[in-house]
Amino acid sequence: PEAASQQFATDVPQPVVGAEVVRDTLWITVSAAGQAEAIRRTAITSQVNGMVEEIFVQENRGVAAGTPLLQVDSTEYALSLARARADHLGAEAQYEEMIFFDDEITDPELRAERARLSRARSGLTQAEVALEEARLNLRRTSVTAPFPGRVADLSVVEGQWVTTGMELLTVVGLDPIKVEVQVLEKEIGYLTEGRRATVTFAAFPGETFTGRITTINPVVDPEFRTARVTLLLSNPRGRIKPGMYARVSLEAQFFPDRILVPRSAILEKERREMLFVFEDGRAKWRYVTTGRVGDDLVEIVPNEETSMVEPGEIVLIDNHYYIQHDASVQLVEAIEGGSLGGIR
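Everything quoted here is computed from the prediction, not taken from an experiment. (Residues numbered from 1 in each chain as written. Predicted model: local features only at pLDDT ≥ 70, side-chain atom pairs only at ≥ 80, totals over all residues. Heavy atoms only, no water.)

Q: Help me get a handle on the overall build of the protein, residues and values and all.
A: Helix and strand counts for the protein come out as 5 helices and 22 strands. The C-alpha atoms of the protein give 36 Å as radius of gyration, which overshoots the globular expectation for 344 residues (20 Å, by more than 25%). Summarising its shape, the C-alpha atoms of the protein cover approximately 120 × 55 × 45 Å along the three principal directions. Counting the 344 residues in the protein, one finds 37% classified as buried. Considering only contacts in the protein between residues 6 or more positions apart, those separated by 24 or more positions represent 74%. Per element, the accessible surface of the protein, about 20000 Å² overall, is 49% carbon and sulfur. Taking the average place of the 36 positive charges on the side chains of the protein and the average place of its 52 negative ones, the gap between the two points comes to 2 Å. (Helix = DSSP H or I, 4+ residues; strand = E, 2+ residues; numbered from the N terminus. Rg over C-alpha atoms; globule rule 2.2 N^0.38 Å. Buried < 20%, exposed > 50% of the residue type's maximum accessible area, 1.4 Å probe, protein only. Contact = heavy atoms within 4.5 Å. Areas by Shrake-Rupley, 256 points an atom, 1.4 Å probe, with all protein chains shown as cover. Lys, Arg positive; Asp, Glu negative; His and termini not counted. Charge placed at Lys NZ, Arg CZ, Asp CG, Glu CD.)

The following block contains the structure:
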């Protein structure tokens, strides 16, 4: 039957995945492990004594700088401010009486000295200080965010009495978020601030994040022979949380103008490296010589005993392990990780 003959036909195209050969820069990366940390973190403490009148936020709520967080009962502090204003007005009136005729004094130094003494005798200077202090205390009853971030560790409730210095909550800056990793001493010299870092988190399997190296600690830990490298990642939705475990790949050495293919294209036949090139619907094998190897790419280098591939040619990278030379193949898109030609 026709169906049976098709089933056992040797020239039925084998579905395969291909990728384009490119001429590009090959990056050799350094791998390390670390964890996410807030770029800024501060515990907000009460600066006055009083009862928590209202809480405006909850944990994980995003806040801008100056956003009200909670309000301590301000009645007592408002009354203190009113008293301070009254005292200031009284002292100011007394001071004006004392210098009422000083405009007639022609000596400016004598006039300034009399004004200084009058301020002290009338209590105006002290009243001004007390007024500013009362204003400050009233402002301190309203607790606001010192910088943009998210609320964490909210530890008080409405109606609770708080005292000066008591911790109320924490504000953490999560965008960008910091990731700190320890890099081996022998690999630190390959790293440079500003280079790209690729990060994966155990909390987000299969998802990759991209950041940049911001600082490299010049001090090497004498016990572990590592140095701290810090990088920043964009985190606009706050998905990455402080404390999350991270695996990091840091761009280190680079080699420009190289012929590159995906690592998955390289196979071994009779202890020799080879790959398949897609030509006119067929898989043509070529023995090649590989050079330096990156995370995903490998360079193909000239060798008199092997062949080269050229930019623009298509090499097979999946479902090609058991096919033969000159086998009929059909290119399909990759199930995971992009489509034809997308290798970097």
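Q: Give a description of the sheet that holds strand β10 (residues 167–173) that names residues and reports values.
A: If you walk across this open sheet you meet the 4 strands as β3-β10-β8-β5, and the pairing is antiparallel. A single partner strand is all that each edge strand has here, and the edge strands are β3 (40–45) and β5 (62–63). Two elements, strand β8 (residues 149–152) and β10, share 3 bridges in a ladder whose sense is antiparallel. Pairing of arginine 150 across the sheet is with valine 172, part of β10. (Pairing = 2+ DSSP bridges.)

Q: Please set out the nonpolar core residue by residue, giving values where relevant.
A: Residues Leu191, Phe201 and Leu250 are the most contacted members of the largest nonpolar core, which totals 29 residues. Elements supplying a minimum of two residues to this core: β2 (22–37), β11 (177–184), β12 (196–201), β13 (209–216), β14 (226–233) and β15 (245–262). Leave out the neighbours within four places in its chain, and phenylalanine 201 touches Ala36, Val179, Phe209, Leu233, Ile240, Met244, Tyr245 and Ala246. Listed in part, the 19 residues of the second largest apolar core include Ile44, Ile55, Tyr77 and Phe147. (Core = buried A, V, L, I, M, F, W, Y, C linked by side-chain atoms within 4.5 Å.)

Q: Outline the packing of helix α2 (residues 75–98) against helix α4 (residues 124–140), listing residues and values.
A: Two elements in contact, α2 and α4, have axes separated by 8 Å at closest approach and are oriented at 160°. With respect to α4, the axis of α2 lies roughly antiparallel. Viewed along their axes, α2 and α4 form a crossing whose handedness is left-handed. Touching Tyr77, Ala78, Ser80, Leu81, Ala84, Arg85, Asp87, His88, Ala91, Glu92 and Tyr95 of α2 are Leu124, Ala127, Glu128, Ala130, Leu131, Ala134, Arg135, Asn137 and Leu138, all from α4. Classifying every residue of the contact of α2 with α4 gives 12 nonpolar, 3 polar and 5 charged. (Axes fitted to C-alpha atoms, helices over the stretch in contact; angles between N-to-C directions. Parallel < 35°, antiparallel > 145°, perpendicular 65-115°, else oblique. Left-handed = near helix turned anticlockwise from the far one by under 90°. Nonpolar A, V, L, I, M, F, W, Y, C, P; charged D, E, K, R; others polar.)

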